[in-house]
Amino acid sequence: MQKEQIEHLAKLAKMDLSEAEKEKYAEQFGEIISFVEQLGELDTRDVLPLSQVVEQKNIVRPDEEKLIFSVDAVLAEAPELEKNQIKVKAVFAHKK
Amino acid sequence: MKLNELNIGSCHEGLVAKKFTCVDLVKACFDAIREKDEELNSFISLMEDQAYESAEKVDKKISEGKKIGVLEGIPIAVKDNILVRGVKATAGSKVLSSYVAPYDATVIEKLKKAGAIIIGKTNMDEFAMGSSGETSFFGITKNPLDLTRVTGGSSSGSTASVCANETICALGTDTGGSVRQPASFCGVVGFKPTYGRNSRHGVIAMGSSFDQVGTITKTVRDAGVLFEAMSGKDPLDSTSVDKKVQVVEEIGKDITGMKIGVPKEYFGEGLDEKVGAEIRKAIAKLEKAGAEIIDISLPMIKYALNVYYILMPAEVSSNMARFDGVRFGYRAEAGNLQEMYLATRRDGFGDEVRRRIMLGTFVLSSGYYDAYYKKAQQVRRLIKEDFDRAFETVDCIISPTTPTTAFKLGEKMNDPMSMYLADIYTVVVNVAGLPAIVVPCGSVKKLPVGAQLIANQFEEGKLFRVAGALESACIK
């Protein structure tokens, strides 16, 4: 796998990779991908993909509000709070 | 025999007969932990105060002459990716190293209701990604039977703690063999139910279409007791099923006339000859017990690991997206939001997690989705159909659990492909959503070998009947 492709994937996955990691993954992925590509031997033209292994369908429930977690306990895990709201850095930075 | 060496059944009998108190039992476990865990590193968090408090309540109930349930007062260790309210749930990762669970997982709620006493949270490969117990942020767990070897993974601490008698039993999770492979390496019983049997609510997700909570126990009966207490439909997990579980009463029943399949694909290249010989001996024991042994073929299972290493990373990459430093867990300091995401995920995740996120992103990325993800889902169906056909003629399948016995610490850490191959016999079970149990059946150079029994979906009854017969034949 090419280093440029690794960099593109890292961007999609919000991963900050070091140069050493990029090289390592390029090499390891080549090996792993050629292993998984053995599936190409099989003709699967008429096979329906299996996405749920016990094949349940259409599990529905009434759309009702329910309190399952304590709000305080959940907010207690947030890295930073202000006025009981989770605080993060600005999404859009102002140009200076 | 020390109290911590007992199993669930013998603990219950002792408590009821007032041979010892529940406080004695809990103390015996914590004494063993203090004695052994500095070396083994099975536990991440201990719950000593809560455990003694619960034990005193059980003792009070017994002294008042009240009846107790079979799990009441039984010490249990819980893998650290299963939430226990008010206790840290790290999943073996830096990104959750100070995360305190705000609620109980459904399986924990049920076990608490049954009276089990949680003594601590166990070490594990980071986010259950690993086959050796070596990828945890909290350090490696060593195999209690040989400290130079791995326990297996990812339920490394749960398995080591049962093997070393630091607890009576433990919960693990099994996505591709994470309960069964370490059970085989440590000579204990590892059980993974049919997908959908145990609720996944409150279990930190890895590969959502594969994950199931499983058990690590000293006996087959103990696995059955825990399973009956934990399983069932949960409105908070739409993939959980409403089907009755009855397994304990199957243990000890005659297996005469039961048909047990031996798939030739499981005994081919890659299997250590001596491990294979031990499994053959187990098959002979089942035959002697009256089972009919039938040679079968599952031609598609050779593709199971290929399918797994496409679908699992795909699910991982989407499940791991939630760890962004915003709502919970570790947040890295950074100048702006984008840099914060990147730095949190750089500092928070270890090597194997990063590799799987990247792989998953690749197989799901535009232009590759059909070639990899869709193709793997199609082959997943072919594999399941292989089993459907096999179970038309056999009640149960027997196989090796792992190609070798426990390998040396560090041996496979720099070669992910060879590490992935350690799961080759267990992964297929998750790919097809089947139940399976590993029963210790022999040893090679003093290292244990476990036989894997596999049944059709929701046929745990048959599984436990055969497992019980194998266990008693191996003890004889």
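This text goes with the structure placed above it.
An account of the accompanying structure is given in this report. (Residues numbered from 1 in each chain as written. Chains lettered and ligands numbered in written order. Predicted model: local features only at pLDDT ≥ 70, side-chain atom pairs only at ≥ 80, totals over all residues.)

### A look at the overall build of chain B
Helix and strand counts for chain B come out as 15 helices and 13 strands. Taking 23 Å as the expected radius of gyration for a compact globule of 476 residues, we find that chain B reaches 21 Å, a close match to that expectation. With the C-alpha coordinates of chain B rotated into their principal frame, the extents come out at 65 × 55 × 45 Å. Residues counted as buried form 63% of the 476 residues belonging to chain B. (Helix = DSSP H or I, 4+ residues; strand = E, 2+ residues; numbered from the N terminus. Rg over C-alpha atoms; globule rule 2.2 N^0.38 Å. Buried ≥ 20, exposed ≤ 12 C-beta atoms within 10 Å, placed from the backbone.)

### Focus on the overall build of chain A
The helix and strand inventory of chain A stands at three helices and two strands. Here the C-alpha atoms of chain A give a radius of gyration of 23 Å, more than 25% beyond the 12 Å that 2.2 N^0.38 yields for 96 residues. With the C-alpha coordinates of chain A rotated into their principal frame, the extents come out at 55 × 50 × 25 Å. A buried classification covers 11% of the 96 residues belonging to chain A.

### Points about the pairing of strand β11 (residues 396-400) of chain B
Residues and elements named next belong to chain B. With five of its five residues buried, β11 lies for the most part within the structure. Where strand β9 (residues 259-263) lies against β11, two bridges are found, and the strand directions are parallel. Bridge pairing in β11 places G261 opposite I397. For β11 and strand β13 (residues 447-454), the ladder comprises four bridges, and the chain directions are antiparallel. Residue pairing for β13: P400 is matched across the bridge by A451. (Pairing = 2+ DSSP bridges.)

### Considerations on the nonpolar core
B:I76 and B:L453 are the most contacted members of the largest nonpolar core, which totals 161 residues. With 10 residues, helix α9 (residues 304-319) of chain B is the single largest residue contributor to this core. (Core = buried A, V, L, I, M, F, W, Y, C linked by C-beta atoms within 7 Å.)

### A word on the packing of α9(B) against helix α12 (residues 369-393) of chain B
All names here are of chain B. Contact pair α9 / α12: the axes reach a minimum separation of 9 Å and the direction vectors enclose 130°. Between α9 and α12, the angle is such that the two are oblique. For the pair α9 and α12, the crossing hand works out as left-handed. Together, A304, V307, I310, L311 and A314 of α9 and Y372, Y373, A376, Q377, V379, R380 and I383 of α12 make up the contact between the two elements. Across the contact of α9 with α12, the residue classes tally to 10 nonpolar, one polar and one charged. (Axes fitted to C-alpha atoms, helices over the stretch in contact; angles between N-to-C directions. Parallel < 35°, antiparallel > 145°, perpendicular 65-115°, else oblique. Left-handed = near helix turned anticlockwise from the far one by under 90°. Contact = placed C-beta atoms within 7 Å. Nonpolar A, V, L, I, M, F, W, Y, C, P; charged D, E, K, R; others polar.)

### Points about helix α8 (residues 273-288) of chain B
Residues and elements named next belong to chain B. End to end, α8 covers 23 Å across 16 residues, agreeing with the expected 22 Å (1.5 Å per residue, within 8%). Among the residues making up α8, those that are buried are V275, E278, I279, A282 and L286. Burial along α8 is one-sided: seen end-on, the buried residues are contained in an arc of 95°. Away from its buried face by more than 90 degrees, α8 exposes E273, A284 and K288. As for α8, its buried residues are in contact with β9, β11, β12 (436-444), β13 and α15 (460-475). At the exit of α8 stands G290, carrying a positive phi of roughly 115°. (Expected span 1.5 Å × (residues − 1). Arc of directions from axis to C-beta.)

### Quick word on the environment of B:S297
Residue and element names in this part refer to chain B. Mapped onto the fold, S297 is located in the loop between β10 (292-296) and α9. For the pair formed by S297 and F328, sequence separation is 31 residues and the distance between their alpha carbons is 48 Å. Among residues more than four places away in sequence, those in contact with S297 are P263, K264 and E265.

### Comments concerning the sheet that holds β11(B)
Residues and elements named next belong to chain B. Spatially, the 11 strands line up as an open sheet ordered β1-β3-β2-β6-β8-β7-β12-β13-β11-β9-β10, and their pairing is mixed. Two strands bound the open sheet, and with one partner strand each, they are β1 (43-46) and β10. Pairs of neighbouring strands in the sheet enclose a mean axial angle of 30°, with direction left out of account. Against the sheet, α8 contacts β9, β10, β11, β12 and β13, and its axis sits at roughly 115° relative to β12.

### Examining the interface of chain A and chain B
Taken together, the contacts link 43 residues of chain A with 53 residues of chain B. When residues of the side of chain A that touches chain B are traced back to their parent elements, those giving at least two are α1 (3-12), α2 (19-36) and α3 (71-75) of chain A. No other element matches α2(A), which puts seven residues into the side of chain A that touches chain B.

### Notes on the environment of A:E4
The residue A:E4 is located in helix α1 in this model. Separated by 22 residues in the primary sequence, A:E4 and A:A26 place their C-alpha atoms 9.5 Å from one another.

### Describing helix α1 (residues 8-16) of chain B
For an α-helix the count is 3.6 residues per turn, leaving residues at separations of three or four pointing the same way. Residue and element names in this part refer to chain B. Those residues of α1 lying buried are I8, C11, H12 and L15. Projected onto a plane normal to the axis of α1, the buried residues spread over an arc of 100° and lie on a single side. One or two steps after α1, the chain reaches K18, where phi turns positive at roughly 55°.

### Focus: unusual backbone geometry
With an omega of 10°, the peptide bond between B:G153 and B:S154 qualifies as cis. The phi torsion at A:N58 lies on the positive side, around 45°, for a residue other than glycine. Looking at the element boundaries, A:N58 is found in the loop between α2 and α3. Residue classification places A:N58 among the exposed residues on the basis of 5 C-beta atoms within 10 Å. Even without a glycine there, the phi angle at B:F458 is positive, about 65°.

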